[in-house]
Amino acid sequence: MKTTISNVKNHVGEQVTIGCWLANKRSSGKIAFLQLRDGTGFIQGVVEKSKVDEEIFKKAKQLTQESSLYVTGVVRVDERSPFGYELGVENIEIIHEASDYPITPKEHGTEFLMDNRHLWLRSKRQHAIMKVRNELIRATYEFFNDQGFVKVDPPILTGSAPEGTTELFHTKYFDEDAYLSQSGQLYMEAAAMALGKVFSFGPTFRAEKSKTRRHLIEFWMIEPEMAFYQFEDNLQLQEQYVSHIVQSVLKNCSLELKTLERDISKLEQVVPPFPKITYDDAIALLHKKGFNDIAWGDDFGSPHETAIAESFDKPVFITHYPTSLKPFYMQPDPNRPEVVLCADLIAPEGYGEIIGGSERIHDYHLLKKRLEEHHLDEAAYKWYLELRQYGSVPHSGFGLGLERTVAWICGIEHVRETIPFPRLLNRLYP
Ligand code: 4AD
Ligand code: MG
């Protein structure tokens, strides 16, 4: 019976055949332990000399790392392994023999591993991270579909720059100038006026010369946009959404979190409501913590975000940033126009900003004025302004960066491991 490692739990005591690869191996004169992987999981195959044909035992001892195989054996419960099962091997058929696989069980440097990313993805750790990433995507669709949102796909090739003009990838669009999308937000606002509550999930691009553990050149963003939602409604949705995806990973990826040695007690605390602190209070808090160099009007860097997050055991919203620090489309606070009705959500444990969001300007004249102040070409934003001419309503939205969220939930150091093929400042290969 052909099955997969993820399904062996349904075949205890039965003989099964699994198409797999040899991840690692250990053997002595009488027994060989094969670490097998098939994409769905990892299982140990035990080959005992006294129980198999001499030729099979010999084959097992000579197997090379990453050779592809059909392994046949009987599924047994194995209480010592976190996975819970092992395979008593009876037969091995080699499909393709690998030689000199470059990533051996010894330690390798990061650059070497990144050069071999196409193979590194096969490792147990990378497998666990990709499974968590997949669960976050699955739980995202589940959450928004359950809440009556419609998935909308904004374009990647655009003529506008929602997040400022300095970080754009420029390209030619036949005779016109075009940019790779920094954010689908402006298009999602149009979609919200058509469909009410919408969300997108897609790649976004930032030509940022940043080389930090939080920055990718190409990253994936989830961008919900909701008609008739004001500032507070937006925050409430965000805390529900983030809690849902964290709790889903805890429920459905316990083995992966164990592989990653993640301290899950910190994740278990991620339930609504999340703490909220204004930008003003954040500045005061930083001063109290000895950051005397920061003044009202300055943007926060990673050390500031980390210091603020340390005061809370859940993700924390920093609200009401100075208008001058934020993009043109954010709604100024009517009582205090020098700050905007926005919030960044800062993850705990030093992972920094995972969400940026705000209420959007819905007044035509104010938006036109803000475009001018930001020296943006009105012609390119004509359609966006028109959303304020035909039944404009208060609306809000946000963008969650998938890779930073994966890094936080997995508890890993750098976003480069959270996406299959990271695009970094000096890396386009593989
Ligand atoms: O704060 P940002 O720039 O917000 C926007 O793009 C809004 N238009 C979103 C919206 O309201 N629809 O980016 C949102 C999130 C950040 O909080 C961060 O998680 C992630 O996207 N992000 C990056 N992730 C990896 N590498 C980068 N270079 C990133 N830049 C932003
Ligand atoms: Mg931001």
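Relevant structure appears above.
It should be emphasised that the depicted structure is a prediction, and the values quoted were computed from it without experimental measurement. (Residues numbered from 1 in each chain as written. Chains lettered and ligands numbered in written order. Predicted model: local features only at pLDDT ≥ 70, side-chain atom pairs only at ≥ 80, totals over all residues. Heavy atoms only, no water.)

**Notes on the site of ligand 1**
Then comes step 1: Neighbouring ligand 1 are 21 residues; Glu163, Gln185, Arg206, Glu223 and Glu353 lie closest to it.
Then comes step 2: Side-chain polar atom of arginine 206 to an oxygen atom of ligand 1: 2.9 Å apart, as the coordinates give it.
Then comes step 3: At a separation of 2.6 Å, an oxygen atom of ligand 1 approaches a polar side-chain atom of glutamate 353.
Then comes step 4: In isolation ligand 1 offers 620 Å² of accessible surface; the protein chains occlude 93% of this area. (Near = heavy atom within 4 Å. Polar contact = N/O pair within 3.5 Å; in protein donor to acceptor, adjacent residues only side chain to side chain. Areas by Shrake-Rupley, 256 points an atom, 1.4 Å probe, with all protein chains shown as cover.)

**Describing unusual backbone geometry**
Then comes step 1: A cis amide bond, omega -5 degrees, links proline 272 with the succeeding residue proline 273.
Then comes step 2: One can find proline 273 in the loop between helix 8 (264–268) and strand 13 (276–278).
Then comes step 3: At the junction of tyrosine 429 and proline 430, the peptide bond is cis and its omega measures out at -5 degrees in the coordinates.
Then comes step 4: In this structure, proline 430 sits in the segment after helix 13 (402–410).
Then comes step 5: Positive phi, normally seen in glycine, also occurs at glutamate 349, with a value near 60 degrees.
Then comes step 6: Along the chain, glutamate 349 turns up in the loop between strand 17 (342–347) and strand 18 (352–359). (Helix = DSSP H or I, 4+ residues; strand = E, 2+ residues; numbered from the N terminus.)

**Regarding the layout of surface pockets**
Over the atoms rolls a probe the size of a water molecule, and its path tells where empty space is left.
Then comes step 1: There is about 1200 Å³ of room inside the second largest pocket.
Then comes step 2: Lining the second largest pocket are 47 residues, with Glu163, Glu167, Arg206, Lys326 and Glu353 sitting closest to its centre.
Then comes step 3: Of all the secondary structure elements, the ones that give two or more residues to the lining of the second largest pocket are strand 12 (218–227), helix 10 (302–309), strand 18, strand 19 (395–401) and helix 13.
Then comes step 4: Class assignment for the residues of the lining of the second largest pocket results in 19 nonpolar, 14 polar and 14 charged. (1 Å grid on protein atoms, 1.4 Å probe; cavity = no way out; pocket = protein on both sides within 12 Å on 5 of 7 lines; lining within 4 Å. Points joined across faces, edges and corners; volume = space filled by probe spheres on them. Nonpolar A, V, L, I, M, F, W, Y, C, P; charged D, E, K, R; others polar.)

**Observations concerning the nonpolar core**
Then comes step 1: Membership of the largest hydrophobic core comes to 59 residues, with the highest contact counts inside it found for Phe144, Leu237, Tyr241, Val242, Val246, Trp408 and Ile409.
Then comes step 2: When neighbours within four sequence positions are excluded, phenylalanine 144 is seen to be in contact with Phe149, Phe199, Ile222, Pro224, Leu237, Tyr241 and Phe398.
Then comes step 3: Among the nonpolar cores identified, the runner-up in size contains 31 residues, and Val316, Tyr321, Phe328 and Tyr384 belong to it. (Core = buried A, V, L, I, M, F, W, Y, C linked by side-chain atoms within 4.5 Å. Buried < 20%, exposed > 50% of the residue type's maximum accessible area, 1.4 Å probe, protein only. Contact = heavy atoms within 4.5 Å.)

**Section: the pattern of salt bridges**
Any two side chains of opposite charge can pair, so long as their charged atoms come close to each other.
Then comes step 1: With the rule as written, the count across this model stands at 28 salt bridges.
Then comes step 2: Arginine 125 serves as the salt-bridge partner of glutamate 417, at 2.8 Å between the closest nitrogen and oxygen. Of this pair, glutamate 417 sits in the segment after helix 13 while arginine 125 sits in helix 4 (residues 124–146), and the two are 292 residues apart along the sequence.
Then comes step 3: Judged by relative accessible area, glutamate 417 falls into the buried class, the value being 8%. (Salt bridge = Lys/Arg side-chain N within 4 Å of Asp/Glu carboxyl O.)

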